[in-house]
Amino acid sequence: MGRLVMKFGGTSVANIDRIRNVARHVKREVDAGHDVAVVVSAMAGKTNELVEWCRDASPMHDAREYDAIVASGEQVTSGLLSIVLQGMGIQARSWQGWQIPIRTSDAHASARILEIDGAEIIHRFKDRQEVAVIAGFQGINPQTNRVTTLGRGGSDTSAVAIAAAIRADRCDIYTDVDGVYTTDPRVVPKARRLDKIAFEDMLELASQGAKVLQVRSVELGMVHNMPVFVRSSFDKPEDIDPHGTPPGTLICSEEEIMESHVVTGIAFSKDEAQISVRQIEDKPGVAAAIFGPLAEANINVDMIVQNVSEDGKTTDLTFTVPASDYARARDTISSAKAKIGYARLDSATDVAKVSVIGSGMRSHAGVAAQAFTALAGRNINIRAITTSEIKFSVLIDAAYTELAVRTLHTLYGLDQT
Ligand code: ADP
Ligand code: ASP
Ligand code: MG
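Here the residue numbering is sequential within each chain, running from 1 through the sequence in written order. Chains and ligands are labelled by the order in which they are written, letters from A for the one and numbers from 1 for the other. Only residues with pLDDT of at least 70 are given local features in this predicted model, and only at 80 or more are side-chain atom pairs given and counted; all residues enter the totals for whole chains, interfaces and linings. In computing side-chain values, all of the structure's heavy atoms are included and hydrogens and water are not.

### A word on the UniProt feature "binding site: ATP" (unreviewed entry) in the protein
Moving on, step 1. UniProt positions are given in the numbering used here, feature names are shortened, and annotations may be inferred rather than shown by experiment. Within this structure's numbering, the places UniProt gives as "binding site: ATP" (unreviewed entry) are Lys7, Phe8, Gly9, Gly10, Thr175, Asp176, Tyr181, Arg186, Lys211 and Val212.
Moving on, step 2. It only takes one pair of heavy atoms within 4.5 Å for two residues to be counted as in contact. Look past the residues within four positions of Phe8 in its chain and what remains in contact with it is Val13, Val22, His25, Val26, Val38, Val39, Val40, Ser41, Tyr174 and Ser233.
Moving on, step 3. When you line up the elements, Val212 lands in the loop between helix H7 (199-207) and helix H8 (215-224).
Moving on, step 4. Look past the residues within four positions of Val212 in its chain and what remains in contact with it is Asp156, Val177, Val180, Met202 and Val230. Here a helix means four or more residues in a row that DSSP labels H or I, a strand means two or more in a row labelled E, and each is numbered from the N terminus.

Shown next as structure tokens:
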């Protein structure tokens, strides 16, 4: 007997039939004798619809009201799943973030979990074998008493945080793919499912665009050393052997992984925009004059490339920002033009970032060089490059994203045979 968190994403609870299917998965674990806390997302498409309604109501809306609205999708699914479970004779109740409570920061729309009190849930496991059905994505700020949300994809983070709070043995993330693949299997049909992946590699994959897990959930898994298992909710619950190992991917510490490849996977993101500041004076303080105002405007800068000045007088600086922040970033730099001192701004929004990830890169040289040759062979122009210990990224024209990902996937021997 153990204690489990089971998280179901939007497509897994997209309608009442799918919620019934989820309930059968839950029943399977309850029948096997486990204490179960379930975390649910909103029905597929629901959060997008709610976000759209907020924008429609007013483009400059109050972030606290935005959270009150978008948190409602999860309230519905947690109640529905509880009703279906009760109908199957399973003791269950729904919990909203504020009821547990899941205490978060007050950064509305991207709040961080500060603390979760798991005592009552554990008490009810012991006292009445009750399944806790928890609305993902939401929490409450203790100072303001207002509902908060954790950023898109945040139910993954709710699940791992709850798993840590109730000292679960494992956190199962049920989704619409049967694990973490070497790259998005919807883009590269030859992508291979990984049996295991280290937290560090998963963290990079998620932060570079693989949306299968929210980045913060992986960080929490790593901090709490909580095994996270990604698996499919579409498998028939009746076909799963409760004592066997189902198909899926275990995210765990590096030491638990025997097989090691130099490259673990490839991620990509089309949510990028490039801004080039031309002919800036090459003198101390210029980078600060550019990035200071961007930081103040809360704009996340990702890749930064600065040329070495040819004439000792002026140079060019290129950086990327999320596409959604592009207009603000451009305005911010334009407003600071007098202070920065530059000739002109060039920009591109039809760009994508492709990242190659692998902790094996720490001990292997020349991994990136191979990629540059392969991309050149496909006539793909590289606009910018960044590298770190276990990954490198290239910025390319968005139209070549799929081609670049497939080329690199084959190059590093990741294709399914
Ligand atoms: P959920 O609604 O269950 O949270 P998401 O849509 O957030 O599901 O995440 C699952 C999706 O992530 C998959 O459908 C897949 O297209 C995408 N994905 C991107 N990269 C990967 C990867 N490396 N492995 C598996 N899935 C990936
Ligand atoms: N429903 C939220 C979203 O769509 C949270 C989640 O599904 O994880 O972003
Ligand atoms: Mg998700």
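### Observations regarding the sheet that holds strand E11 (residues 228-232)
Two modes of strand pairing occur in sheets, parallel and antiparallel, and in both the strands are linked by backbone hydrogen bonds.
Moving on, step 1. In short, DSSP must find at least two bridges between two strands for them to pair. The eight strands lie next to each other as E3-E6-E2-E1-E9-E11-E12-E10, forming an open sheet whose pairing is mixed. Two strands close off the open sheet at either side, each with one partner strand: strand E3 (92-95) and strand E10 (196-198). Each neighbouring strand pair of the sheet contributes to a mean axis angle of 20°, computed without reference to strand direction.
Moving on, step 2. As judged from the four bridges shared by E3 and strand E6 (residues 131-135), these two strands associate in the parallel manner. Bridged to Ala92 within E6 is Val131.
Moving on, step 3. Docked against the sheet, helix H4 (residues 72-87) engages strand E2 (35-40), E3 and E6, running at close to 160° with respect to E6. Axis angles are defined between N-to-C directions and span 0 to 180 degrees, where every axis is a line fitted to C-alpha atoms and, for a helix, only to the segment in contact.

### So, the environment of Tyr400
Moving on, step 1. Note that Tyr400 resides in the loop between strand E18 (391-397) and helix H13 (401-411).
Moving on, step 2. Taking C-alpha positions, Tyr400 is 15 Å from Ala273, a pair spaced 127 residues apart along the chain.

### A look at the pattern of salt bridges
Moving on, step 1. Salt bridges are defined by distance alone: a side-chain nitrogen of Lys or Arg within 4 Å of a carboxyl oxygen of Asp or Glu. Here the structure, examined in full by the defined rule, presents 29 salt bridges.
Moving on, step 2. The partner of Asp172 in a salt bridge is Arg170, with the nearest N and O atoms 2.7 Å apart.
Moving on, step 3. Judged by its relative accessible area of 0%, Asp172 falls in the buried class.
Moving on, step 4. Salt-bridge contacts for Arg328 lead to Asp325; the nearest nitrogen and oxygen are separated by 3.4 Å.
Moving on, step 5. Owing to a relative accessible area of 40%, Arg328 belongs among the partly exposed residues under this scheme.
Moving on, step 6. Relative accessibility under 20% of the residue-type maximum defines a buried residue, over 50% an exposed one, and the middle range a partly exposed one, all with a 1.4 Å probe and only protein chains included. Overall, the relative accessible area of 15% leaves Asp325 in the buried class.

### Quick look at the packing of helix H2 (residues 46-57) against helix H3 (residues 63-70)
Moving on, step 1. At a closest axis distance of 9 Å, the pairing of H2 and H3 adopts a crossing angle of 145°. Classified by chirality, the crossing of H3 by H2 is right-handed. The segment H2 lies against H3, with Thr47, Leu50, Val51 and Cys54 engaging Tyr66, Ile69 and Val70.
Moving on, step 2. All residues other than Ala, Val, Leu, Ile, Met, Phe, Trp, Tyr, Cys, Pro, Asp, Glu, Lys and Arg, Gly among them, are scored as polar; the first ten of these are nonpolar and the last four charged. Classifying every residue of the contact of H2 with H3 by side-chain character gives six nonpolar, one polar and no charged. Left-handed describes a crossing whose near helix is turned anticlockwise from the far helix by less than a right angle; the clockwise case is right-handed.

### A word on H2
Moving on, step 1. One less than the residue count of a helix, multiplied by 1.5 Å, gives the span that helix is expected to have. For H2, which comprises 12 residues, the first-to-last C-alpha distance of 17 Å matches the rise-based estimate of 16 Å (1.5 Å per residue) to within 8%.
Moving on, step 2. Taken residue by residue, H2 has Thr47, Leu50, Val51 and Cys54 as its buried positions. Here the buried residues of H2 occupy an arc of 100° about the axis, which is enough to place them on one side. In this structure, H2 carries Trp53 and Asp56 as exposed residues pointing more than 90 degrees from its buried face. In this context, the arc is that of the directions from the helix axis out to the C-beta atoms.

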